[in-house]
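Listed here are the chains, written in short residue letters.
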Amino acid sequence: MYFASSSIDIRFSLGVSINMQEKEIVLKVTYGNMSGIHWINDSCHQGLPILALHGWLDNANSFVPIAQNLIHAVPEIVAVDLAGHGHSDHREQGSHYHFVDYVFDVMECVELLGWKRFVLLGHSMGAGIACLIAAAAPALINQIILIDGIGPISSRADAVTDQLAKSMRLHQRIAPRLKQMIYPDWNTLIERRASVGKINRKTAEILVKRNAKQGDGQILWLADRRLNLLSPMYMAEEQVMSFLSRIDAATLLIKAEQGLLSQRATSVSRIDAISKLDVVELPGGHHVHMENPGLVAAPLIRFLQSAS
């Protein structure tokens, strides 16, 4: 179901004018409604659609800057708000945000969109989800683009029991008392998001505009507070490596010089695990695709066109 659509004529520096439609969408999946943004280029009749998956506590707006740089080269892009994020429903009370459940949510979205083959674009947590989908459903995936993320967070195999015990204690003690976060004004929230995420103000504003709303003279945070609780269980690194080794699609990794991957000891072995992987390292932080979308879009377009 679509709502609130707009049509925009864009003329790029190369002199090509396209008619781009931008629509808000709602996809009714098993757990509830998942919202997103759908960009359509009526002028492009080749290539495959792109499904974009954002990072933890971000939302579909994470891809607004890059989509505006990519849409002239592709027929359509859909960026969804993952469960508990942005405009999508929260999981019901008593449920948890298990990482693997996002895979099932996303696959339902693909079925509802009617796509038989597509390109996966994932940032951070979304890159982890994309890797699992690409490994488990290879027939659907033509190419994968990962932005400063490769596979999900892992833990040592001998640490899973302690993590589950700690998570249980936190959920029992904290979860029942979680309340919606409230801010006095937009500026306070934007400054807070910029500080916590180590991002610039413009990027923070783009993100919070889809993760908060005005209400009774104050700003209400929309993301489910349970997303901040410790996950009950992470995969062991051996399990993550097994998924990565099963990815057969051509893959592009955008690695930010000041991003999270550069700080993780597992990055080198994970990169080596994907057989058809190209790495492009660019200056910038974890949200490089938002803070410098033109720089990121160039290698993405070359990569997408290499499959045609």
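Up top you'll find the structure we're talking about.
Here's what I pulled together on the structure shown here. (Residues numbered from 1 in each chain as written. Predicted model: local features only at pLDDT ≥ 70, side-chain atom pairs only at ≥ 80, totals over all residues. Heavy atoms only, no water.)

1. Some remarks on the overall build of the protein chain
Of regular secondary structure, the protein chain possesses ten helices and 14 strands. Whereas a compact globule of 308 residues would reach a radius of gyration of roughly 19 Å, the protein chain reaches 19 Å, a difference of no more than 12%. Viewed in the frame of its principal axes, the protein chain has a C-alpha envelope of about 60 × 50 × 35 Å. Counting all 308 residues of the protein chain, 53% fall into the buried class. The long-range fraction of contacts in the protein chain, counting pairs at least 24 apart against all pairs at least 6 apart in sequence, stands at 72%. Put simply, the protein chain shows about 14,400 Å² of open surface, and 53% of that area lies on carbon and sulfur atoms. (Helix = DSSP H or I, 4+ residues; strand = E, 2+ residues; numbered from the N terminus. Rg over C-alpha atoms; globule rule 2.2 N^0.38 Å. Buried < 20%, exposed > 50% of the residue type's maximum accessible area, 1.4 Å probe, protein only. Contact = heavy atoms within 4.5 Å. Areas by Shrake-Rupley, 256 points an atom, 1.4 Å probe, with all protein chains shown as cover.)

2. Looking at the environment of Ser 245
Counting through the fold element by element, Ser 245 comes out in helix α7 (residues 237–245). A residue is classified by how much of its surface remains accessible, and Ser 245, at 47% relative accessible area, is partly exposed. Once the C-alpha coordinates of Ser 245 and Ala 273 are considered, the two residues, 28 residues apart in sequence, prove to be 5.0 Å apart.

3. Here we look at a positive patch on the surface
Together, Lys 166, Arg 169, Arg 173 and Arg 177 give the surface a local cluster of positive charge. When you line up the elements, Lys 166 lands in helix α4 (residues 160–173). (Patch = residues over 30% accessible without salt bridge, like charges linked within 9 Å, V, L, I, M, F, W, Y side chains within 5 Å. Salt bridge = Lys/Arg side-chain N within 4 Å of Asp/Glu carboxyl O. Lys, Arg positive; Asp, Glu negative; His and termini not counted. Charge placed at Lys NZ, Arg CZ, Asp CG, Glu CD.)

4. Thoughts on the packing of helix α2 (residues 99–113) against helix α3 (residues 125–136)
Helix packing for two helices is described by the angle between their axes and how far apart those axes are. Between α2 and α3, the shortest axis-to-axis distance is 9 Å and the interhelical angle comes to 70 degrees. Relative to α3, α2 is oriented roughly perpendicular. When the axes of α2 and α3 are compared, the crossing they make is right-handed. Along the contact surface, α2 presents Phe 99, Tyr 102, Val 103, Val 106 and Met 107, while α3 presents Met 125, Gly 128, Ile 129, Leu 132 and Ile 133. In terms of residue class, the contact of α2 with α3 is built from nine nonpolar, one polar and no charged. (Axes fitted to C-alpha atoms, helices over the stretch in contact; angles between N-to-C directions. Parallel < 35°, antiparallel > 145°, perpendicular 65-115°, else oblique. Left-handed = near helix turned anticlockwise from the far one by under 90°. Nonpolar A, V, L, I, M, F, W, Y, C, P; charged D, E, K, R; others polar.)

5. Details of α3
Taking 1.5 Å of rise per residue, twelve residues should cover 16 Å, and α3 covers 17 Å from first to last C-alpha, within 8% of that figure. Within α3, eleven of the twelve residues are buried, which leaves the element mostly enclosed by the surrounding structure. Taken together, the buried positions of α3 are Met 125, Gly 126, Ala 127, Gly 128, Ile 129, Ala 130, Cys 131, Leu 132, Ile 133, Ala 134 and Ala 135. Buried residues along α3 sit against β4 (50–53), α2, β6 (118–123), β7 (141–147), β12 (235–236) and α7. (Expected span 1.5 Å × (residues − 1).)

6. Quick word on the pairing of strand β5 (residues 76–80)
Most of β5 sits out of view: five of its five residues are buried. Burial along β5 is two-sided: Glu 76, Val 78 and Val 80 facing one way and Ile 77 and Ala 79 facing the other are all buried. When strand β3 (residues 33–41) meets β5, the two strands line up antiparallel, connected through five bridges. Among the inter-strand pairings, Ile 37 is bridged to a residue of β5, identified as Ala 79. As paired strands, β4 and β5 are joined by four bridges and run parallel to one another. Across the sheet, residue Ile 50 finds its bridge partner in β5, namely Ile 77. A crossover connection joins β4 to the parallel β5 through helix α1 (residues 64–70); in handedness this β-α-β unit is right-handed. (Pairing = 2+ DSSP bridges. Right-handed = clockwise from strand over helix to strand, strands pointing away.)

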